[in-house]
Amino acid sequence: MAGNKIGLFFGSFNPIHIGHLIIANYMAQYTDLAEVWFVVSPQNPFKDKKSLGNMYDRLEMVNLAIEGAEKLKACDIEFGLPQPSYTIDTLTYMRERYPGKEFVLIMGEDNLMGLHKWKNADILLRDFQIFVYPRPKYEAGEWLNHPAVTMTDTPQMELSSTFVRSAIKGRKDVKFFVPDRVLEFIDKKGLYL
């Protein structure tokens, strides 16, 4: 049924940048997805707290970045789930919470390559579709012809949150890498310095 197919784009979004937005908007406009939800991953216990921005700040930056984009939504569902949150557990929970919706996983070709290491990867591939965006220097390899996997022609960009954080730390101007409202938020809170 139209309107019920939701793409889930998981990430730290630390911070969200235009590469993320291009991927999400491409998926929302050029596939049969009704909406794309940015699923903000909470604090990862293995990451340094200082390097992984506060989860509420990261959620707020996603909201600022997508304001006015009707097919894009921010989702904090993992904030209330046990840590660390495994994708399959989150998907199972979301299916129970939103029984009328069909969820599709959005992931980069780099993540697809390591899918065999994921918790319950076989169940993931059995029960969910995966829309893949290409990444420079990566090959989907063995998964390319899997019935659950759809490769998309999403425009490629070598822009990462790591790059943005280190640019801010180096006092470089990151205008055009992140939306203006996100940049104002980062400046106001003194993030990533």
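Residues numbered from 1 in each chain as written. Predicted model: local features only at pLDDT ≥ 70, side-chain atom pairs only at ≥ 80, totals over all residues. Heavy atoms only, no water.

Colleague: It is not clear to me how the nonpolar core should be interpreted in this structure. Could you clarify?
Modeller: One recurring pattern in soluble globular proteins is that nonpolar side chains are buried together. Counting residues in each nonpolar core, the largest one holds 37 residues, and the members touching the most others are Phe-9, Ile-16, Val-36 and Phe-38. Broken down by secondary-structure element, the contributors of at least two residues to this core are helix 1 (18-30), strand 2 (35-40), helix 2 (55-66), strand 4 (102-108), strand 5 (129-133), helix 6 (161-169) and helix 7 (180-189). Counting residues per element, this core draws most heavily on helix 2, at 7 residues. Leu-91, Leu-125, Ile-130 and Val-149 belong to the second-largest nonpolar core, a separate cluster that totals 24 residues. (Core = buried A, V, L, I, M, F, W, Y, C linked by side-chain atoms within 4.5 Å. Buried < 20%, exposed > 50% of the residue type's maximum accessible area, 1.4 Å probe, protein only. Helix = DSSP H or I, 4+ residues; strand = E, 2+ residues; numbered from the N terminus.)

Colleague: Could you clarify how one ought to interpret the pairing of strand 5 in this entry?
Modeller: A regular strand carries its side chains on alternate faces of the sheet. A large share of strand 5 lies buried, amounting to 4 of its 5 residues. When strand 4 meets strand 5, the two strands line up parallel, connected through 5 bridges. Paired with Val-104 across the two strands is Gln-129, which belongs to strand 5. The pairing of strand 5 with strand 6 (residues 149-151) spans 3 bridges and is parallel. Bridging across to strand 6, Ile-130 finds its partner in Val-149. (Pairing = 2+ DSSP bridges.)

Colleague: What am I meant to see in the packing of aromatic side chains here?
Modeller: Two descriptors summarise a pair of aromatic rings, namely the distance from one centre to the other and the angle between the planes of the rings. Following the criterion strictly, the structure yields 10 aromatic pairs and no others. Their ring planes at 85 degrees and their centres at 5.4 Å tell us that Phe-163 and Phe-177 sit as a pair that is edge-to-face. One end of the pair, Phe-163, is in helix 6; the other, Phe-177, is in the loop between helix 6 and helix 7, and 14 residues separate them in sequence. The partly exposed category is assigned to Phe-163, whose relative accessible area is 40%. Among the residues examined, Phe-177 registers a relative accessible area of 28% and is labelled partly exposed. (Phe/Tyr/Trp six-rings, centres within 6.5 Å; stacked < 30°, edge-to-face > 60°.)

Colleague: What should I look at first to understand unusual backbone geometry in this one?
Modeller: The general pattern is negative phi for most residues beyond glycine and trans for most peptide bonds. Cis geometry marks the peptide bond from Asn-14 to Pro-15, where omega comes out at 0 degrees. You will see that Phe-176, though not glycine, has its phi angle at about 80 degrees, which is positive. On the secondary structure map, Phe-176 appears in the loop between helix 6 and helix 7. Overall, Phe-176 belongs to the exposed group, its relative accessible area being 62%. Positive phi is not limited to glycine here, since Tyr-192 has a value of about 70 degrees.

Colleague: Just to check I follow, could you spell out the pattern of salt bridges for this structure?
Modeller: Think of it this way: side chains of opposite charge can pair up when their charged atoms draw near. All chains considered together, the criterion is met by 8 salt bridges. For Glu-35, the salt bridge is made with Lys-73, and the minimal N-O distance between the two is 3.4 Å. Of this pair, Glu-35 sits in strand 2 while Lys-73 sits in strand 3 (residues 72-75), and the two are 38 residues apart along the sequence. When its relative accessible area of 33% is taken as the criterion, Lys-73 is described as partly exposed. Ionic pairing is found between Asp-89 and Lys-119, a salt bridge with its closest N-O pair at 3.0 Å. Placement of Asp-89 in helix 3 (residues 87-97) and of Lys-119 in the loop between helix 4 (109-113) and helix 5 (121-127) is noted, with a sequence separation of 30 residues between them. (Salt bridge = Lys/Arg side-chain N within 4 Å of Asp/Glu carboxyl O.)

Geometry only, nothing functional implied.
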